[in-house]
Amino acid sequence: MGQLGCILSVGIILTTVVYCQRTGVRPRPKRPKVVTPPPVIEPTEPNHATTLPPPFPPGPPSVFPDCPRECTCPTIYPNALYCDSRNLRVVPIIPSRIHYLYLQNNFIDSLPEKAFRNATELRWINLDNNRISNKKVDKKVFDTLTSLLFLYMEKNRLEEVPSNLPSSLEQLRLAGNQISKIPSGAFSKLQNLTLLDLHRNKLTDRVLNKNTFKGLKSLMQLNLAHNSLRKMPPTIPKHIFQLYLDKNSIKEIPNGYFNNFHHLMFLRLNFNQLTDTGIPNGIFNVSSLLDLHLSHNKLNAIPSFNRKLEHLYLSHNHIEKINGTEICPYPVSKIDLLFNDLEKLPRLRYLRLDGNSLQQPVPMDIMMCFRLLRMIVL
């Protein structure tokens, strides 16, 4: 029985193995542990496109405790604050000791009053090449700046001349904006202003009226070049020294326009639409005039001018001939009698006529009249 029992046991085991192989039953393997990977955070794009570079990181601490970290306060200029070209978005709080403030070449779009509240001694502010618009200029931002002399806001997004400007201003530079409006009385309190620069804006004839520049009793230089003027501006201050009207569409100058301009020395009217009929005879006979620019117009002849004029620019017109007898302030036959009196001799030294239909040689009567002439460009 012992041997028989062993044989029966082996047989049962073999039968079980064969059955399992035929029926495909396999022992179940153990399930591996499921490891959940950490979530992947995808980078998100900003809601609006931006091309602005990031602001510069704060600099090292200054010897001046009140110096904004995003600016520089040089020890050799304790009254100056340099915040220019730093990709700033806002104006930092200006310390009270500052006289000269440089904020040009940034991305500043507003002028809040609180930034300038303590800066009552400011003399000079440079805000050129930013993004400042009228809507974000605080109405009271200039109220405390009673010592301000120079305000530069060129190449911004201004659509009109700012209001409530300090009466202490001597220079106001607003070129390269989008100014198409000058509020009534904008300049009425600027009695100390000597320079007003409005070139490269969107000024038209309807913007300027007889009261626009009223109150500018000290104005010496007015720049209205690169605008959309078709007429000479009305009521220019009579004491002006320099007047720039290049790159407009001016067709004529009213008769007597420059009467009583006893200080006008530089007049620029290049790139306009002036013709011979639009220039009254003797209009440039201004005793103080030294420099006259009439290039890139539609002139057929050289207009008359006063004997003290030293530089005359007439390039790129329609001039075909020169008549020295007509433009000479005196009869050519009498010039020799004046040669010993330099005060009375015609003072023309530089004459530019290139871009016209002229040919050499230069007429002899020109040389006989203008004895001080050093260069003619044909």
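Residues numbered from 1 in each chain as written. Predicted model: local features only at pLDDT ≥ 70, side-chain atom pairs only at ≥ 80, totals over all residues. Heavy atoms only, no water.

The criterion, for reference: UniProt positions are given in the numbering used here, feature names are shortened, and annotations may be inferred rather than shown by experiment.
An unreviewed UniProt entry annotates the protein as Proline and arginine rich end leucine rich repeat protein originating from Callorhinchus milii. Quoted verbatim from the Subcellular location (unreviewed entry) heading of the UniProt record, the comment on the protein is "Secreted, Extracellular space, Extracellular matrix".

**Description of the packing of aromatic side chains**
What counts is decided by this rule: Two aromatic rings from Phe, Tyr or Trp, using only the six-membered ring of Trp, form a pair when their centres are within 6.5 Å; if the ring planes differ by under 30 degrees the pair is stacked, by over 60 it is edge-to-face, and anything between is tilted. In this description a helix means any DSSP run of H or I spanning at least four residues, a strand means any run of E spanning at least two, and both kinds are numbered starting from the N terminus. Think of it in three bands: residues with accessible area under 20% of the maximum for their type are buried, residues over 50% are exposed, and the middle band is partly exposed, with areas taken using a 1.4 Å probe on protein chains only. Only when the NZ of Lys or the CZ of Arg is both within 6 Å of the ring centre and within 35 degrees of the ring normal is a charge said to sit over the ring.
Under the definition given, this model contains 11 aromatic pairs. Aromatic side chains F187 and F213 sit 6.2 Å apart centroid to centroid with 10 degrees between the ring planes, which places their arrangement in the stacked category. With a gap of 26 residues between them, F187 in the loop between β5 (171-173) and β6 (195-197) and F213 in the loop between β6 and β7 (221-223) connect regions that are remote in the sequence. Here F187 matches F213 in class, with each residue buried. Ring centres of F258 and F261 lie 5.7 Å apart, and the angle between their planes is 85 degrees; on these two criteria the pair is classed as edge-to-face. According to the relative accessible area criterion, F258 is buried, its value standing at 4%. Classification of F261 as buried rests on a relative accessible area of 3%. Aromatic ring contacts, followed pair by pair, group Y82, Y102, W124, F150 and Y152 into a single cluster. Lying over the aromatic face of F64, R97 brings its terminal NZ or CZ to 4.1 Å of the ring centre.

**Brief notes about the UniProt feature "domain: LRRNT" (unreviewed entry) in the protein**
On the UniProt side, "domain: LRRNT" (unreviewed entry) is annotated at positions that read residues 66-100 here. Annotation note: span residues 66-100, helix share 0%, strand share 11%, distance between end C-alpha atoms 15 Å.

**Focus on the nonpolar core**
The cut-off we apply is this: Definition of nonpolar core: a set of buried residues of the types Ala, Val, Leu, Ile, Met, Phe, Trp, Tyr and Cys, connected through side-chain atoms within 4.5 Å. Every residue pair with non-hydrogen atoms within 4.5 Å of one another is taken to be in contact.
The biggest cluster of nonpolar side chains holds 92 residues, and the ones touching the most others in it are F116, F187, L196, L198, F258 and F284. Apart from the residues lying within four places of it in its own chain, the contact partners of F187 are V161, L172, I182, L196, L198, T212, F213, K214, G215 and L216.

**A short note on the state of the cysteines**
Condition: Throughout, disulfides are identified as pairs of cysteine sulfur atoms within 2.5 Å of each other.
Inspection of the entire model under this criterion finds three disulfides. Between the sulfur of C67 and that of C73 lies a disulfide, 2.1 Å long from S to S. Taking the sign of the S-S torsion, 95 degrees for the link of C67 and C73, the bridge is right-handed. Taking relative accessible area as the criterion, C67 reaches 9% and is therefore assigned buried.

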